[in-house]
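Each chain, written out:
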Amino acid sequence: MGKFNNYRYYPAFSTRPNEIRSYDNIDDKSKNLMLPVVSLTRALEAASFSPAAETLAQALGGRTVIVDFDPNPRPVKSHQEIEEARRKRDEKRRSEGKEPFNPTEKQERRWRLQREAVAAFNEHLEEVRSGANGYEAWRKVATAHPNFVPVVKLGNIAEAEKMVDTLIGAGRRMAFRVDVRDQTGIDVFFAVVPKIIDSQQAVVILDAGYIRGDLPWAEKLANAVLRQIEATLPPSLWRGLAVVSMASSFPNSLADLPSPLPILERELRDRLIGVGWDVIYGDYAAIQPRTTMAAAKGWFPHVEVAHSREWHFRRSALKSDAKGYIRSAGNLVSDSGVWPGRPAGWGAALVSQAAAGRLDHGTGLRLTTPGPWVGVRMHQHMTQQVHHP
């Protein structure tokens, strides 16, 4: 494993298929310069994080990764909710002059097994979230592979101390992902970080979260934590410790926003360096904040071209219209102020192909809904940022 300070870029993403595909398509030279911070998510119909961890291990090809997990349980419909949904569906079909849908026994069994798998996964997640015995369940998941570097959970001082002690005793490195907005987590971090005696035992990620509209506040919070770290640790340890400035500024909605959009994560790191802090750049890989509302309300096709300091985008005015991707991509490709600044590689090539009218690539990847386009943007962004000066 390389030294934490030797990596140029710390992108945070998850094991969702479109995000893993994006990482897969980055060239080896670029991959070797970055240390991903990857949150395990539930693989399709899985009852635990194990399949996601295996998928991640395969994608890495032996490279080091910092592992975290998505703490949100999956929704499980009650019997009453299922029956009410069926009743409404049948009423709609009758209003359209159609017969009610009668599922077969095989379909009913399939749905029952799916619900049982969700319930089993949520039970597993509850164990992983538990602080019991030094977050033992999480440690087992996060150390399943030798190149995995676990994120230390900061919910409870005693259990976090035990997790750190156990990892040190096992000769494992660790990451502290400190939410600079969460005072409880900050307090736990400062209670346990003195256990680190070698700067290569840990990396500290100062995560400011979503900062568009709150950059000065994020800067203030990050500065305060940095000053406290410097005051807490011995000078020899502080000088060698890798500290990452991480944030997100790609919005959940592009409506009413101008193009280009500045990458505020870069501005945050510049400001911290400007007052004397030696911090490595990190971000959320141009992934917007998670929401369950966008799909329910429909989506407006949009395509991005990533530059080193800004995102250029075009957004269709027609909701849920896949051809909007063709028009948006074509507009970007034909813009002489945008297209020449694109990164080379897979993501930009897909934008170019979409501009030519091709949204189906024959490999199971169809660029007709928002999900795959996340990976297209993410690939361009990471390819740019890993080589940013």
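Residues numbered from 1 in each chain as written. Predicted model: local features only at pLDDT ≥ 70, side-chain atom pairs only at ≥ 80, totals over all residues. Heavy atoms only, no water.

A. A look at the overall build of the chain. The helix and strand tally for the chain stands at 15 helices and 11 strands. Computed over its C-alpha atoms, the radius of gyration of the chain comes to 23 Å, within 12% of the 21 Å expected for a compact globule of 389 residues. Projected onto its principal axes, the C-alpha positions of the chain cover 75 × 55 × 35 Å. Among the 389 residues that make up the chain, the fraction classed as buried is 49%. Long-range contacts, defined as pairs at least 24 residues apart, comprise 74% of the intrachain contacts of the chain with a sequence gap of at least 6. Averaging the locations of the 52 positively and 44 negatively charged side chains of the chain gives two centres separated by 4 Å. (Helix = DSSP H or I, 4+ residues; strand = E, 2+ residues; numbered from the N terminus. Rg over C-alpha atoms; globule rule 2.2 N^0.38 Å. Buried < 20%, exposed > 50% of the residue type's maximum accessible area, 1.4 Å probe, protein only. Contact = heavy atoms within 4.5 Å. Lys, Arg positive; Asp, Glu negative; His and termini not counted. Charge placed at Lys NZ, Arg CZ, Asp CG, Glu CD.)

B. Up close: the nonpolar core. Counting 81 residues, the largest nonpolar core has Trp138, Phe176 and Ile229 as the members making the most contacts within it. Of all the elements, helix 9 (residues 215-232) adds the most residues to this core, at seven residues. Those residues in contact with Ile229, other than ones at most four positions away along the chain, are Phe189, Phe190, Val204, Leu206, Trp238 and Leu241. (Core = buried A, V, L, I, M, F, W, Y, C linked by side-chain atoms within 4.5 Å.)

C. Structural detail: the side chain of Asn223. Position of Asn223 relative to the elements: it lies in helix 9. Assessed through its relative accessible area of 10%, Asn223 is described here as buried. When residues no more than four places from it in sequence are discounted, the contact partners of Asn223 are Leu272, Val275 and Trp277.

D. Representation of the pattern of salt bridges within the structure. One pass over the full model with this rule turns up 18 salt bridges. Between Arg177 and Asp207 there is a salt bridge; the shortest N-O distance is 3.1 Å. Residue Arg177 is found in strand 5 (residues 174-179), and its partner Asp207 is found in strand 6 (residues 202-210); the two are separated by 30 residues along the sequence. Taken individually, Arg177 and Asp207 each receive the classification buried, so the pair is uniform in this respect. Put simply, Arg377 and Glu304 hold a salt bridge, and the shortest N to O gap is 3.0 Å. Taken together, the residues span a long stretch of sequence, with Arg377 in helix 15 (residues 370-385) and Glu304 in strand 10 (residues 302-306) at a distance of 73 residues. (Salt bridge = Lys/Arg side-chain N within 4 Å of Asp/Glu carboxyl O.)

E. Quick peek at the pairing of strand 2 (residues 37-40). Along strand 2, one buried face is formed by Val37 and Ser39 and the opposite face, lined by Val38 and Leu40, is buried too. Across three bridges, strand 1 (residues 9-14) lies against strand 2 in parallel orientation. Bridged to Ser14 within strand 2 is Ser39. Between the parallel elements strand 2 and strand 3 (residues 65-69), the chain passes through helix 3 (residues 50-60) in a crossover that is right-handed. (Pairing = 2+ DSSP bridges. Right-handed = clockwise from strand over helix to strand, strands pointing away.)

F. Expanded view of the sheet that holds strand 11 (residues 310-315). Pairing within the open sheet is antiparallel, and its three strands lie in the order 8-11-10. The open sheet is flanked by strand 8 (261-262) and strand 10, the only strands paired with a single partner. Two elements, strand 8 and strand 11, share two bridges in a ladder whose sense is antiparallel. In the sheet register, Pro262 faces strand 11, and the bridge partner there is Glu310. Strands in contact with helix 15 are strand 10 and strand 11; relative to strand 10, the strand with the most contacts, it is inclined by about 10 degrees. (Axes fitted to C-alpha atoms, helices over the stretch in contact; angles between N-to-C directions.)

G. View of unusual backbone geometry. Ser259 connects to Pro260 through a cis peptide bond whose omega is 10 degrees. Its place among the elements puts Pro260 in the loop between strand 7 (242-248) and strand 8. Phi is positive for Tyr135, close to 55 degrees, though the residue is something other than glycine. Note that Tyr135 resides in helix 6 (residues 132-142). Located in the positive-phi region is Ala286, a residue other than glycine, with phi close to 60 degrees. On the basis of relative accessibility, which here comes to 1%, the residue Ala286 falls in the buried class.

H. Expanded view of the side chain of Arg377. Arg377 gets classed as buried once you look at its relative accessible area, which sits at 2%. There is a polar contact of 2.7 Å between the side chain of Arg377 and the backbone oxygen of Ala286. Not counting residues within four places of it along the chain, the set of residues in contact with Arg377 comprises Phe250, Ala286, Ile287, Gln288, His302 and Glu304. (Polar contact = N/O pair within 3.5 Å; in protein donor to acceptor, adjacent residues only side chain to side chain.)

I. Molecular detail of the packing of aromatic side chains. Counted according to the given criterion, the structure contains 12 aromatic pairs. A centroid spacing of 6.0 Å and a plane angle of 85 degrees characterise the contact between Trp238 and Trp277, whose relative ring orientation is edge-to-face. Residue Trp238 is located in helix 10 (residues 235-240), and its partner Trp277 is located in the loop between helix 11 (264-274) and strand 9 (280-283); the two are separated by 39 residues in the primary sequence. Owing to a relative accessible area of 18%, Trp238 belongs among the buried residues under this scheme. Aromatic pair Trp299 and Tyr325: ring centres 5.8 Å apart, planes at 20 degrees, arrangement stacked. Of this pair, Trp299 sits in the loop between helix 12 (293-297) and strand 10 while Tyr325 sits in helix 13 (residues 323-333), and the two are 26 residues apart along the sequence. Through successive ring pairs, a cluster of aromatic residues spans Phe49, Phe69, Phe121 and Trp138. (Phe/Tyr/Trp six-rings, centres within 6.5 Å; stacked < 30°, edge-to-face > 60°.)

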